[in-house]
Amino acid sequence: MIGHLLTARPTAPLRPNLRDKNPIMPPIPPSSYDVYFQNALDTLKQEARYRVFTEIERQTHLYPQALWHHADGPRPITLWCSNDYLGQGHHAAVIEAMVTAARKMGTGAGGTRNISGNHQPIVALEAELASLHGKEAALVFTSGYVANDTGISTLAKLIPDVVILSDAHNHNSMIEGVRRSGVERHIFRHNDLDHLESLLKAAGHRPKLIVFESVYSMDGDIGPIKDICDLADRYQAMTYIDEVHAVGLYGEHGAGVAEQDGVMHRLDVIEGTLGKAFGCLGGYLAGSAAMIDAVRSYAPGFIFTTALPPAIAEAALCSIRLVRQGQALRARHQAQVAKTKTRLKQADLPMLDTPTHIIPVMVGNADTCKAASDRLLTLHGIYIQPINYPTVPRGTERLRITPSPLHDEAQIEALGQALDEVWTHFNLPRQHAKVAAE
């Protein structure tokens, strides 16, 4: 994408005369290098892919309402695209757990777990996560991205002659983990069991690792977990599932879609996050004791990074325990999702009909998607960030809506009216949309 920028190289410094004890090196002005960065930014802007951050102040007593800080002063808005799916980041008990732990144990972890000690809250958190997923052990990372990136790459390097089979719609963190593993890998068409089986057959008797997700966050569809487990059993493959957008939301105890489908015990590695439905920060892996210990002992992304602070671990632990007993909360969440979908259908909006809490409303053009998002914010006080390439393929730009159990009927109605006005203003198509890849 920025290969053409190489023609605008800065003036190279003169090579010193090594026989001269005091070679004179002409300075390189920093602005000479800035041309690379500015040209790269200009490219993003020309392609309508330059990301603009909206300054928002979330308020615990008003969520999902917040304050939007802009040049003319703060304005109240309603959040409709947060991944704090259950509003747990604003739960009074979760906040109190964090505050109490910070007062008692300080704000930081002091370093890596090897150097600064394995603080008790993170040990308790890992035990809770292992219990949640019915596994022998769990390991906490600083983010879900790091858990995938370093987890997949480390596991693959520890399995001699392994081949990775990865779903085409996997998250970037999984793609990077697969790439950094350096092992042979093949991409199977999204949720295409026939294609996956053909790749498993071609791999023969080699060790095999299938990497996929439960809920795919951009299209809101679900992976065929049971069928993939069946194939894994048939071809002696190891399974690695990302439940980031499902933990807390599905299953009797909020362990994810695998729990809901009754197949959690069949999965070798379950990856999740503490930063979405649990409302905190961090990621984790859950699996066998030997696998978790091997990742703990070999993964650079775990060994060489500062641990989650005790206060974060205590808040996450509190949130998970609340969610595990929160069947009513999950029921309320699903009810508000259903009401939101019904209202958007009434407006004849081009919404992907998903089986999950993620509601993509298709726009199909990067400029228009950004303009629609801006109009929703400035005119209607509704915040929905535009989703453009490379997060989704070009031509499938969208607004991604994520209702929470805290959105009430009046807010759902206001959302429907606002989207209806925006679609009319920009004369956007209202027929049911399909993703280009389909």
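Everything below is about the structure printed above this text.
Residues numbered from 1 in each chain as written. Predicted model: local features only at pLDDT ≥ 70, side-chain atom pairs only at ≥ 80, totals over all residues. Heavy atoms only, no water.

> Before we go on, may I ask you to explain helix H14 (residues 366-380) in this structure?
Owing to its 3.6 residues per turn, the α-helix brings residues three or four apart onto one side. Between its terminal C-alpha atoms H14 stretches 21 Å, which fits the 21 Å expected from 15 residues at 1.5 Å a residue. Among all positions in H14, only Ala366, Cys369, Ala372, Ser373, Leu376 and Leu377 are buried. Buried positions in H14, seen along its axis, are confined to an arc of 130° and lie on one side of it. Next to the buried residues of H14 lie strand S2 (65-70), strand S3 (73-79), strand S12 (382-383), strand S13 (386-387), strand S14 (398-401) and helix H15 (409-425). By the N-cap criterion, in which a side-chain oxygen at the helix start approaches the backbone nitrogen of a residue two or three places on, H14 is capped by asparagine 365, the distance to aspartate 367 being 3.0 Å. One or two positions beyond H14, positive phi appears at glycine 381, with a value near 65°. (Helix = DSSP H or I, 4+ residues; strand = E, 2+ residues; numbered from the N terminus. Expected span 1.5 Å × (residues − 1). Buried < 20%, exposed > 50% of the residue type's maximum accessible area, 1.4 Å probe, protein only. Arc of directions from axis to C-beta. Contact = heavy atoms within 4.5 Å. Polar contact = N/O pair within 3.5 Å; in protein donor to acceptor, adjacent residues only side chain to side chain.)

> Honestly, the sheet that holds strand S7 (residues 208-213) in this entry has me stumped. Any pointers?
Two modes of strand pairing occur in sheets, parallel and antiparallel, and in both the strands are linked by backbone hydrogen bonds. Strand order in this open sheet of seven strands is S4-S10-S9-S8-S7-S5-S6, and the pairing throughout is mixed. Edge strands, defined here as strands with exactly one partner in the open sheet, are strand S4 (137-141) and strand S6 (184-188). Along the sheet, successive strands turn relative to each other by an average axial angle of 20°, direction set aside. Note: strand S5 (residues 163-167) against S6, five bridges, orientation parallel. Looking at the pairing, valine 163 lines up with glutamate 184 of S6. Contacting S4, S5, S7, strand S8 (237-242), strand S9 (269-273) and strand S10 (283-287), helix H5 (residues 144-158) runs over the sheet at an angle of about 160° to S9. (Pairing = 2+ DSSP bridges. Axes fitted to C-alpha atoms, helices over the stretch in contact; angles between N-to-C directions.)

> Got a minute to help me understand unusual backbone geometry in this structure?
In most cases, non-glycine residues show a negative phi, while peptide bonds are predominantly trans. A cis amide bond links tyrosine 63 with the next residue in sequence, proline 64, at an omega value of 15°. Mapped onto the elements, proline 64 comes out in the loop between strand S1 (56-58) and S2. Of note, glutamine 236 is a non-glycine position whose phi angle comes to about 50°, a positive value. Inspection of the secondary structure puts glutamine 236 in the loop between helix H8 (225-234) and S8. The residue asparagine 427 is not glycine, and still its phi comes out positive at about 55°. By the secondary structure assignment, asparagine 427 is in the segment after H15.

> Would you take a moment to explain the packing of aromatic side chains for this structure?
Centre distance and the angle of the planes are the two values used to describe a pair of aromatic rings. Summed over all chains, the structure comprises one aromatic pair. Between phenylalanine 141 and phenylalanine 302 the ring centres are 5.9 Å apart and the planes differ by 70°, which places this aromatic pair in the edge-to-face class. Separated by 161 residues along the polypeptide, phenylalanine 141 in strand S4 and phenylalanine 302 in helix H11 (residues 300-303) bring together distant segments of the chain. Comparing phenylalanine 141 with phenylalanine 302, the two get one shared label, buried. Across from the ring centre of tyrosine 50, 4.7 Å away, lies the NZ or CZ of lysine 45, which sits over that ring. We note arginine 394 situated over the ring of tyrosine 389; from NZ or CZ to the ring centre the distance is 3.8 Å. (Phe/Tyr/Trp six-rings, centres within 6.5 Å; stacked < 30°, edge-to-face > 60°. Lys NZ or Arg CZ within 6 Å of the ring centre and 35° of its normal.)

> Sorry, what's going on with the sheet that holds S2 here?
The strand order across the open sheet formed by four strands is S1-S2-S3-S12, and the pairing between neighbours is mixed. Single-partner strands in this sheet number two, and they are S1 and S12. Bridge count for S1 against S2 is three bridges, and the pairing is antiparallel. Across the sheet, the residue bridging to arginine 58 is alanine 66, located in S2.

> Teacher, can you tell me more about the pairing of S9 here?
Where a strand is regular, its side chains alternate between the two sheet faces. For S9, a buried count of five out of five residues is recorded, marking the element as mostly surrounded by other parts of the structure. Here S9 shows a buried face lined by Val269, Glu271 and Thr273 and a second buried face lined by Ile270 and Gly272. Bridge analysis of S8 against S9 gives three bridges, and the strand direction is parallel. Across the sheet, isoleucine 241 pairs through a bridge with isoleucine 270, a residue of S9. Strand direction decides the pairing type here: S9 and S10, joined by four bridges, are antiparallel. Pairing of glycine 272 across the sheet is with tyrosine 284, part of S10.

> Please clarify how the pairing of S10 should be interpreted in this entry.
Burial within S10 is extensive, with five of its five residues counted as buried. Covered by surrounding structure in S10 are Gly283, Leu285 and Gly287 together with Tyr284 and Ala286, the residues of both alternating faces. Where S4 meets S10, five bridges bridge the pair, whose relative direction is antiparallel. Note that in S10 the partner of leucine 139 across the bridge is leucine 285.

> Sorry if this is basic, but what is going on with the pattern of salt bridges here?
Note that side chains of opposite charge can pair when their charged atoms are close. Overall, the coordinates contain 21 salt bridges when judged by the stated rule. Among the salt bridges present, the one from glutamate 47 reaches arginine 49, with a minimum N-O distance of 2.8 Å. Linking arginine 375 and glutamate 421 is a salt bridge whose minimum nitrogen-to-oxygen distance equals 2.7 Å. Taken together, the positions of arginine 375 in helix H14 and glutamate 421 in helix H15 put the pair 46 residues apart, joining distant regions of the chain. (Salt bridge = Lys/Arg side-chain N within 4 Å of Asp/Glu carboxyl O.)

> Would you mind showing me how to read the environment of lysine 339 here?
Tracing the chain through its elements places lysine 339 in helix H13 (residues 327-346). Note: C-alpha distance between lysine 339 and glutamate 413 (74 residues apart in sequence) is 9.4 Å. Apart from the residues within four sequence positions on either side, lysine 339 is in contact with Glu409 and Ile412. Within polar-contact distance, the side chain of lysine 339 engages the side chain of glutamate 409 at 2.5 Å.

In short, shape yes, function no, at least from these values alone.
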